[in-house]
Each structure stands twice: as structure tokens, then as C-alpha cells.
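Here is what each chain is made of, one letter per residue.
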Amino acid sequence: MPISHGQNHTVLITGGAGFIGSHVVRKMVMAYPGYLIVNLDKLTYAGNLENLKDVENYPNYRFIKGDIADGYFINDLFSNWNFDGVIHLAAESHVDRSIEEPLEFVKTNVLGTVNLLNASIQNWKKNYERKRFYHISTDEVYGSLGDTGFFSEKTSYKPNSPYSASKASSDHFVRSYGETYGLPYVISNCSNNYGPYQFPEKLIPLFINNIIQNKPLPVYGNGKNTRDWLFVEDHANAIDLVYHKGINKESYNIGGFNERQNIDLVKLLCSLMDKRLFRNEGESEKLITFVKDRPGHDLRYAIDATKINKKLGWKSSVTLEEGLEMTIDWYLANDDWLNHVNSGEYQDYYKMRYKQ
Ligand SMILES: Cc1cn([C@H]2C[C@H](O)[C@@H](COP(=O)(O)OP(=O)(O)O[C@H]3O[C@H](C)C(=O)[C@H](O)[C@H]3O)O2)c(=O)[nH]c1=O
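First, a word on scope: everything that follows refers to the structure included in this document. Owing to the predicted nature of the structure, the values given are computational and were not obtained by experimental measurement.

## Some details on the sheet that holds strand β6 (residues 185-190)
If you walk across this open sheet you meet the seven strands as β3-β2-β1-β4-β5-β6-β10, and the pairing is parallel. Only two strands of the sheet have a single partner each, and these edge strands are β3 (61-65) and β10 (251-254). In this sheet, neighbouring strand axes are inclined to one another by 20 degrees on average, regardless of whether the strands run parallel or antiparallel. Here helix α1 (residues 19-31) sits on the sheet and contacts β1 (9-14), β2 (35-41), β3 and β4 (85-88); the angle it forms with β2, its principal contact strand, is near 165 degrees.

Written out as C-alpha cells, the structure reads:
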């Protein structure tokens, strides 16, 4: 059954200072003044409280710094706060990093999720009325598609990277807690997100950042890998809907029916950036550099979002071109944010990967 929350509803959002998390926190804080939104974030390189400046003083918002991989800390947190619901977004999310440091992904994505599940069942003590554990996951758990077909909720899991294996494992743990302990849960699996506040290690913000700085745009392999792009605010709206209306023990695929081969997406981005930066058409494209492929690089992701559309009435509202324009404008208007994330660890990481 869908749940109806009253006022005085306390929601824990994990990873709320990250890219998608910060959009979800903003949405929930603003849309539900009667809820208390508690944002738990470890503030790793990808988490940034600057992402939430506009809501930090709202009376229904609290921030707590902490690590979901620390089971003692999580148990204390749950007994102090008595959460009614959990929206779990905290995760290590970058595939390239997972290839270099798989254990970090096991720690945060698997152990961290199990710590949250344990704390939820211990704290809720089988009194599950109006309680909900909502696990946010990815379409990468399904593996790779060939040239045709779509991932549906019934597609079997076949993760190919340490990242997707860790997310698949966490999805299975959530499901198992529903079966074994009766935990009320929902899961959603989303396609590639883009938009403001995304850390410039992922394709779109990395390439915007590099175009601004006239740095090479490293396209992996032949550039024919295909992703299904979704504007992050559309995802945040879907999360709000699934949290409130999703059916217990079900999963929902979220995607924008917006497939592009990487090379086509990059060329579109270059042409939009040329216009915004008053450069000659074709100038940014000269930065495209084909580099060695990612190991185990999934060929194609494409989401069949019919279920969430038919059952919950959600569909994406932003076209790829509109979303890219809004995203580019945001990065160009927020050079302070970009300078901040361009310092420190990101620079070391970029130099290490591309030996520049
Ligand atoms: C960073 C980078 C990427 N790429 C390629 C690799 C992919 O085919 C595509 C997108 O890569 P990105 O790393 O941005 O995203 P995915 O590997 O598709 O995974 C992303 O979308 C899913 C749903 C998640 O769940 C992940 O958390 C999220 O990171 O561009 C390049 O060609 N060059 C680059 O420098």
C-alpha cells in the first residue's frame, strides 16, 4: 500500500550533500514544511554543503556529518532521532573510481546499506505503520544492453563493474530485509543523471569544466557507448512520488527515454558551449580526444519507465537540450563552486588519470 505521512514526520536522507541527494533534500524541505528532514552526509570529495546554501536555515532542516559504514554511529543516530522514513542515497557512485578502489564501494554501498537496514529494523521493532525504507539505486545493476531493448523492473541483474556489483548487492540486501524481517521498502533504479551541482568527474560536468578551461575531452573507446540521460530535478520529483506513493516491496525504473551515443552527446555539448562562450562553431569539438576504453565498459543503458508512468503518473519534463542548456548556464554562473571543487583532490585525481 502507498503510505500517507502526517505532519511530524521525520525523514533521514543519506548522502544529502551530494549531487542527487542535495536536489532531493531541497525538494523535500521546501515541499513538506511539516516534515523534519535530517540530512546525513560524510562530506567526502563529492559531498558539499555549498549545494544546500539555500535551505540551510529552514526550520525543518538539520544536517549531521557522519559515515553510514560506522554501525555504532548509525545505531546511536537512529535511537536518538526516531526516524519515520529513510531515503537512502549515500553511495560511492563513480564507475572509474570503483575500478581503482573496489573495497571503498563495498564499504559504503554494501556495509553502509546493511547498517541502515539493521538500525531501521531494530528501531522500528516491527511497528512498521507509516514507516518506509526507500533505497535509491541505478540501472547499472542490469548490466549492458545490445543495440535494442530496454531495462524493465523484471530484467535480471547482471552488474559488470565493482560499482554496479555493490549497488546490486545493496538492492538484494534491501529486498531480503523485506522478506526476512518484514521491513517496508521501495527501490528505484535510475538512468544517468545530469544537472547543477554534479561533481566534475562524471561525463557532462567534466566536459563542461574542461571546455571552459580548454582542456582535452577524453572520450573512452570509440564513443559509441550509449546512455539514457535524465535531468536531476526530474529524478528528484520521481523520488518524492515513489517515497509517498510507491507500493511496498516494489521497484520502479526511472528514465527519460533520452538515449544518446556518447560522441553525439559530447558534440551537442560542444556546440552549446561554443554559443555560450561566444566561440566559433566547432572550436570546442577540437578538444575531443579518443582515449583507451574503460575496462568492462557497458555498451548501452536504456530504461523502460512505463511502470512509474502508468502506476504513479510520473514522466520526465525536461528535454535533453533544455536540460543541457540549464546545466551549462548553472556551471558558467557558479564559477566559485567550480573553482572550489577544482581545487584539491579532484585535481590530483585528474592528473593521475590523464597524466597531465
Ligand atoms: C568520465 C567519462 C565518461 N565517459 C563515458 C563513460 C560512459 O559511457 C559515459 C558516462 O560516464 P559517467 O562516468 O558519467 O557515467 P556512467 O559510468 O554511465 O555511470 C553513471 O550513471 C549511472 C546510472 C550511475 O549509477 C553512476 O553512478 C553514474 O556515474 O561516458 C567518457 O567517455 N569519458 C569520460 O571522461
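There's more to say after this.
## Description of the layout of surface pockets
There is about 320 Å³ of room inside the largest pocket. Along the wall of the largest pocket there are 16 residues; nearest its centre are Glu153, Arg175, Lys249, Glu250 and Ser251. Looking at the lining of the largest pocket, the elements with two or more residues in it are α5 (162-181) and β6. Among the elements that take part in the lining of the largest pocket, α5 stands out by supplying four residues, more than any other.

## Description of the site of the ligand
In the neighbourhood of the ligand, 25 residues make up the surrounding shell, with Ser93, Glu140, Tyr163, Arg294 and His297 lying closest. Thr138 places a side-chain nitrogen or oxygen 2.8 Å from an oxygen atom of the ligand. Side-chain polar atom of His297 to an oxygen atom of the ligand: 2.7 Å apart, as the coordinates give it. When the ligand is considered free in solution it has 670 Å² of accessible area, and contact with the protein chains removes 95% of it. Residue assignment for the shell around the ligand shows that the elements contributing at least two residues are α6 (203-212) and β8 (217-220). Counting contributing residues, the shell around the ligand receives three or more from each of domain 1 (9-194 + 230-254) and domain 2 (203-226 + 259-298 + 318-344).

## Structural notes on helix α11 (residues 335-342)
Residues lying three or four places apart along an α-helix face the same way, a consequence of the helix completing one turn every 3.6 residues. Looking at α11, one finds that the buried residues are Trp337, Leu338, Val341 and Asn342. End-on, the buried residues of α11 take up no more than an arc of 130 degrees, which puts them together on one face.

## Considerations on the sheet that holds strand β11 (residues 259-261)
Read from one edge of the open sheet, three strands run β7-β9-β11, paired in mixed fashion. Each edge of the open sheet carries a strand with a single partner, namely β7 (192-194) and β11. The mean angle between the axes of side-by-side strands here comes to 45 degrees, regardless of whether they run parallel or antiparallel. Relative to β11, strand β9 (residues 226-231) is paired through three bridges, and the arrangement is antiparallel. Each residue of the ladder has a partner; that of Asp228, found in β11, is Glu259.

Rules used throughout
Residues numbered from 1 in each chain as written. Predicted model: local features only at pLDDT ≥ 70, side-chain atom pairs only at ≥ 80, totals over all residues. Heavy atoms only, no water. Pairing = 2+ DSSP bridges. Helix = DSSP H or I, 4+ residues; strand = E, 2+ residues; numbered from the N terminus. Axes fitted to C-alpha atoms, helices over the stretch in contact; angles between N-to-C directions. Contact = heavy atoms within 4.5 Å. 1 Å grid on protein atoms, 1.4 Å probe; cavity = no way out; pocket = protein on both sides within 12 Å on 5 of 7 lines; lining within 4 Å. Points joined across faces, edges and corners; volume = space filled by probe spheres on them. Near = heavy atom within 4 Å. Polar contact = N/O pair within 3.5 Å; in protein donor to acceptor, adjacent residues only side chain to side chain. Areas by Shrake-Rupley, 256 points an atom, 1.4 Å probe, with all protein chains shown as cover. Domains from an automatic or database assignment. Buried < 20%, exposed > 50% of the residue type's maximum accessible area, 1.4 Å probe, protein only. Arc of directions from axis to C-beta.

None of the figures reported here should be taken as evidence of function without further support.
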